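Commentary on secondary and tertiary structure
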Amino acid sequence: LGGAQAEGRPAVRDLLPGSRRRVHEIWIANDIESSPVIDDILEIARDQRVQVLNVSRREIEREARSEAPQGVLAKAAPLEETLLADLLVAPRDKPLLLVAIDGVTDPGNLGAILRCCDGAGVDAVILPRHRAVHITPTVAKSSAGAIEYLNMCVVGGLPSALSEMKSAGLVVVGLDDSAEKSIFELGAAAVESICLVLGSEGSGLSRLARERCDLLANIPMLGSLSSLNVSVAAALATYEIVRTRRISK
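Now for a quick tour of the structure. In this text the structure is predicted, and so the values were computed from the model without any measurement.

Viewed as axis vectors pointing N to C, helix H5 (residues 107-119) and helix H9 (residues 230-248) meet at an angle of 15°, and their least axial separation amounts to 8 Å. Comparing their axes, H9 and H5 come out roughly parallel. At the point where H5 passes H9, the crossing takes the right-handed sense. Of the residues in H9, those in contact with Asn 109, Ala 112, Ile 113, Cys 116 and Gly 119 of H5 are Val 230, Ser 231, Ala 234, Ala 235 and Tyr 239. Grouping the amino acids of the contact of H5 with H9 by side-chain chemistry returns seven nonpolar, three polar and no charged.

The following block contains the structure:
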C-alpha cells in the first residue's frame, strides 16, 4: 500500500494528528523560515515525541520522491491495509459504500479520488495490487490527509474482488461513458450496499471488471467534451449516492 514517506508541509502536518501509525522522524530544512504550518508541525511533533532532524535542503530534495517537498518530509510506518473479507462480514448499521479503482495510474488522480471518497463518507477504497498506483508521496499530498482516515483494501485481482462483493450482497456499479443509464437513475441500487467501480484515465473499465458489474452508469455530458477527469467523476457519483440515500430516509 505504501505511504511510508510524506512530503510537503500540508502532507506532513496532516500525517501527525490523524495518524493511526507511528511517525518515526521528521526532516526539516535548516534554512526554512517560520510559518504557521511549520510551527504546527513542530508543536505536534513535540507533543507526540517525534524526532525532528534539521538537515540541508539539498538532502531533503535528494531523498524526496515528489517535485516539491517544500523543505519538509516525514518517515512513518506504512499504511495498514484493511482486509476486504473482514470488511464484508463486519457488523454494520447502514449500507456499505465502497469505491473500487480499476487501473488508475496517475498519482495526482488517485490522491484526488481519495480526498473525494473521504468527503463522501466512503467506507473503503479497493485498490488492485497490480496495474495501479498505490500511496506515493504525490498521492499523499493530493489526498490532503485523506489517506490517514480512509480504509483501503489491496486485492490480488479486481474482477475476483468484485465477484466476492457480489456474493456478499453488494450491487456493483461501473462508471462507463457508453452506459444507457445515468448516475441519476440508479434508483434502489443507490440505497443498498454498493461498490462503485472507476476505470482508468484513458481506456476506462477493463473488460473483466465491466463483466463483473451488475449495471453500468454514465455521467451525462451536456457540452462538447465526452468525459470528465476520473477524480471529478468519483466526486459526482459518490455524492449522488449520498444524496439519494438522504432523501430516501
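And the narrative resumes.
Nonpolar side chains collect at one region of the surface, where Leu 228, Val 232 and Leu 236 lie side by side and expose about 220 Å² of accessible area between them. Mapped onto the elements of the fold, Val 232 is located in helix H9. Residue Val 232 is classed as partly exposed on the basis of its relative accessible area of 38%.

On to empty space enclosed by the protein, then. Counting across every chain of the model gives one cavity of 30 Å³ or more. Estimated volume of the largest cavity: approximately 60 Å³. Lining the largest cavity, in full, are Gly 3, Gln 5, Ala 6, Ala 11, Asp 14, Leu 15, Arg 21, Ala 140, Gly 145, Ile 147 and Glu 148. Of all elements in the fold, only strand E1 (5-7) and helix H1 (9-18) reach the threshold of two or more residues within the lining of the largest cavity. It is H1 that provides the largest number of residues to the lining of the largest cavity, a total of three residues. Taken together, the residues of the lining of the largest cavity break down into five nonpolar, three polar and three charged.

The phi angle at Arg 49 is positive, at roughly 55°, despite the residue not being glycine. Among the secondary structure elements, Arg 49 is positioned in the loop between helix H2 (36-47) and strand E3 (51-55). Positive phi, normally seen in glycine, also occurs at Gln 70, with a value near 60°. With relative accessibility at 35%, the residue Gln 70 sits in the partly exposed group.

Turning to its location among the elements, Val 23 is positioned in strand E2 (residues 23-29). Overall, Val 23 belongs to the buried group, its relative accessible area being 9%. The contact partners of Val 23, leaving out residues within four places of it in the chain, are Leu 15, Leu 16, Val 50, Lys 75 and Ala 76.

Counting 41 residues, the largest nonpolar core has Ile 101, Leu 114, Val 125, Met 152 and Leu 198 as the members making the most contacts within it. Every element with two or more residues in this core is listed here: strand E5 (97-101), H5, strand E6 (124-128), helix H6 (137-142), strand E7 (152-155), strand E8 (171-175), strand E10 (194-198) and H9. Considering each element in turn, this core owes the most residues, six residues, to H9. Those residues within four positions of Leu 114 in sequence are excluded, and the remaining contacts are Val 125, Ile 135, Val 139, Ser 143, Ala 146, Ile 147, Leu 150 and Met 152. Residues Ala 124, Val 172, Cys 195 and Val 197 belong to the second largest nonpolar core, which totals 21 residues.

Counted by the stated rule, this structure contains zero aromatic pairs. If you follow Lys 75 out to its NZ or CZ, it ends over the ring of Trp 27, 5.2 Å from the centre.

Here we take up the side chain of Asp 102. Secondary-structure assignment places Asp 102 in the loop between E5 and H5. Residues contacting Asp 102, with those up to four places away along its chain left out, are Arg 131, Leu 158, Val 197, Leu 198, Gly 199, Ser 200, Gly 204, Leu 205, Ser 206 and Ala 209.

The strands making up a sheet associate through backbone hydrogen bonding, with each pair oriented either parallel or antiparallel. Reading across from one edge, E1-E4-E2-E3 is the order of the four strands in this open sheet, with mixed pairing throughout. Since the sheet does not close on itself, it has two edges, and those belong to E1 and E3, each with one partner. Between one strand axis and the next, the sheet turns by 20° as a mean value, whatever way the strands run. Sheet analysis places E2 next to strand E4 (residues 72-76), joined by five bridges and oriented antiparallel. Each residue of the ladder has a partner; that of Ile 28, found in E4, is Val 72. Where H2 meets the sheet, it contacts E2, E3 and E4, and its direction lies at approximately 145° from that of E2.

Calculation notes
- Residues numbered from 1 in each chain as written.
- Predicted model: local features only at pLDDT ≥ 70, side-chain atom pairs only at ≥ 80, totals over all residues.
- Heavy atoms only, no water.
- Axes fitted to C-alpha atoms, helices over the stretch in contact; angles between N-to-C directions.
- Helix = DSSP H or I, 4+ residues; strand = E, 2+ residues; numbered from the N terminus.
- Parallel < 35°, antiparallel > 145°, perpendicular 65-115°, else oblique.
- Left-handed = near helix turned anticlockwise from the far one by under 90°.
- Contact = heavy atoms within 4.5 Å.
- Nonpolar A, V, L, I, M, F, W, Y, C, P; charged D, E, K, R; others polar.
- Patch = residues over 30% accessible without salt bridge, like charges linked within 9 Å, V, L, I, M, F, W, Y side chains within 5 Å.
- Areas by Shrake-Rupley, 256 points an atom, 1.4 Å probe, with all protein chains shown as cover.
- Salt bridge = Lys/Arg side-chain N within 4 Å of Asp/Glu carboxyl O.
- Buried < 20%, exposed > 50% of the residue type's maximum accessible area, 1.4 Å probe, protein only.
- 1 Å grid on protein atoms, 1.4 Å probe; cavity = no way out; pocket = protein on both sides within 12 Å on 5 of 7 lines; lining within 4 Å.
- Points joined across faces, edges and corners; volume = space filled by probe spheres on them.
- Core = buried A, V, L, I, M, F, W, Y, C linked by side-chain atoms within 4.5 Å.
- Phe/Tyr/Trp six-rings, centres within 6.5 Å; stacked < 30°, edge-to-face > 60°.
- Lys NZ or Arg CZ within 6 Å of the ring centre and 35° of its normal.
- Pairing = 2+ DSSP bridges.

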